[in-house]
Amino acid sequence: LCNLPHRYTRELLLDLLNTKGFGGMYDFIYLPFDFKTHACLGYAFVNMVDPSAVRELWSALQGFADWKVQHIKACRITWSLPHQGREVMVNRFRNSPVMHAKVPKQFKPLLFQDGEQVAFPLPTRACRAPRARDLERLQGERPRQSRPF
C-alpha cells in the first residue's frame, strides 16, 4: 500500500483493513516508521492469505482517500517486487534491526494465523541494533551532545 498518511499508525491500518472486510484475510503487516519523527513512511507491506483476496483489496483500496487523519493523497496499491508471500516477508525482516529487542513493539511487523496475531519467528542470527541515535529517538530520549575536549 502506498500514499498512506504519515500520521497513520499500525492500529489505524489494521482498523482500515478490518472495517473494509479484510479481517482474517491477511497474515503479514508491516508499516515502516521514521525513528526520528515516529511518522509512518507512507507505505505498508500487507500479505493476503489467498490470491483472490488481493483483487478484492486492490478494488477496495486503490484510490481510497477517506482517511481517519487529514491527508490529501489517495491510496495506491503496488506489488512488492521481488518480495512476495508470508515466508519471504518473514525471512526479509526476522534478522532486521527493526526486530531488535530495544525497538518498541509498535514499530515491528506483525504475523497472523487464522485472523489472530501470532509470535514472529525468532531470528536465525543476532539482530544488529539500530544506530544509537535511532534507538534514542525511538525511546524518546534526546540525542547526546558531544562534549568538547
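The sections below set out a description of the structure shown in this document.

So, how was this worked out
Residues numbered from 1 in each chain as written. Predicted model: local features only at pLDDT ≥ 70, side-chain atom pairs only at ≥ 80, totals over all residues. Heavy atoms only, no water. Buried < 20%, exposed > 50% of the residue type's maximum accessible area, 1.4 Å probe, protein only. Helix = DSSP H or I, 4+ residues; strand = E, 2+ residues; numbered from the N terminus. Arc of directions from axis to C-beta. Contact = heavy atoms within 4.5 Å. 1 Å grid on protein atoms, 1.4 Å probe; cavity = no way out; pocket = protein on both sides within 12 Å on 5 of 7 lines; lining within 4 Å. Points joined across faces, edges and corners; volume = space filled by probe spheres on them. Nonpolar A, V, L, I, M, F, W, Y, C, P; charged D, E, K, R; others polar. Salt bridge = Lys/Arg side-chain N within 4 Å of Asp/Glu carboxyl O. Phe/Tyr/Trp six-rings, centres within 6.5 Å; stacked < 30°, edge-to-face > 60°.

1. Re helix H2 (residues 51–61)
Think of an α-helix as 3.6 residues a turn; residues three or four steps apart then line up on the same face.
Okay, so step 1: Of the residues making up H2, those classed as buried are Ala 53, Val 54, Leu 57 and Leu 61. The arc that holds the buried residues of H2, viewed along the axis, is 110 degrees, so those residues lie on one side. Exposed residues lying more than 90 degrees from the buried face of H2 are Arg 55 and Ser 59.
Okay, so step 2: Where H2 is buried, its residues touch helix H1 (10–19) and strand E2 (45–48).
Okay, so step 3: A positive backbone phi angle near 85 degrees is found at Gly 63, which sits one or two residues after H2.

2. Things to note about the layout of surface pockets
Okay, so step 1: One number sums up the size of the largest pocket: a volume of about 400 Å³.
Okay, so step 2: Every residue lining the largest pocket is counted, 21 residues in all, and those nearest its centre are Val 46, Thr 78, Trp 79, Ser 80 and Gln 84.
Okay, so step 3: Looking at the lining of the largest pocket, the elements with two or more residues in it are E2 and H2.
Okay, so step 4: Its volume calculated, the second largest pocket comes out at about 330 Å³.
Okay, so step 5: As for the second largest pocket, its lining consists of 17 residues, of which Met 99, Lys 108, Pro 109, Ala 119 and Phe 120 are closest to the centre.
Okay, so step 6: Looking at the lining of the second largest pocket, the elements that each hand over two or more residues are strand E3 (110–113) and strand E4 (116–118).
Okay, so step 7: Here the residues of the lining of the second largest pocket are counted per class, giving 11 nonpolar, two polar and four charged.

3. A closer look at the pattern of salt bridges
Okay, so step 1: Tallying each qualifying case throughout the model produces one salt bridge.
Okay, so step 2: In this structure, Asp 15 and Lys 68 form a salt bridge, with 2.4 Å as the shortest nitrogen-oxygen distance. Here Asp 15 is found in helix H1, whereas its partner Lys 68 is found in the loop between H2 and helix H3 (86–93), with 53 residues between them in sequence.
Okay, so step 3: Asp 15 sits in the partly exposed class, given a relative accessible area of 27%.

4. Looking at the packing of aromatic side chains
Okay, so step 1: All told, the structure shown has 11 aromatic pairs when counted by the stated rule.
Okay, so step 2: With a centroid separation of 5.4 Å and 85 degrees between ring planes, the pair formed by Tyr 8 and Trp 67 is classed as edge-to-face. Pair noted here: Tyr 8 is in the segment before H1 and Trp 67 is in the loop between H2 and H3, with a separation of 59 residues, a long-range link.
Okay, so step 3: Between Phe 64 and Trp 67, the aromatic rings sit 5.0 Å apart at their centres with planes inclined by 90 degrees, giving edge-to-face as the arrangement.
Okay, so step 4: According to the relative accessible area criterion, Trp 67 is buried, its value standing at 8%.
Okay, so step 5: Three or more aromatic residues joined by ring pairs make a cluster, and in this case those are Phe 28, Tyr 30, Tyr 43, Phe 45, Phe 93 and Phe 120.

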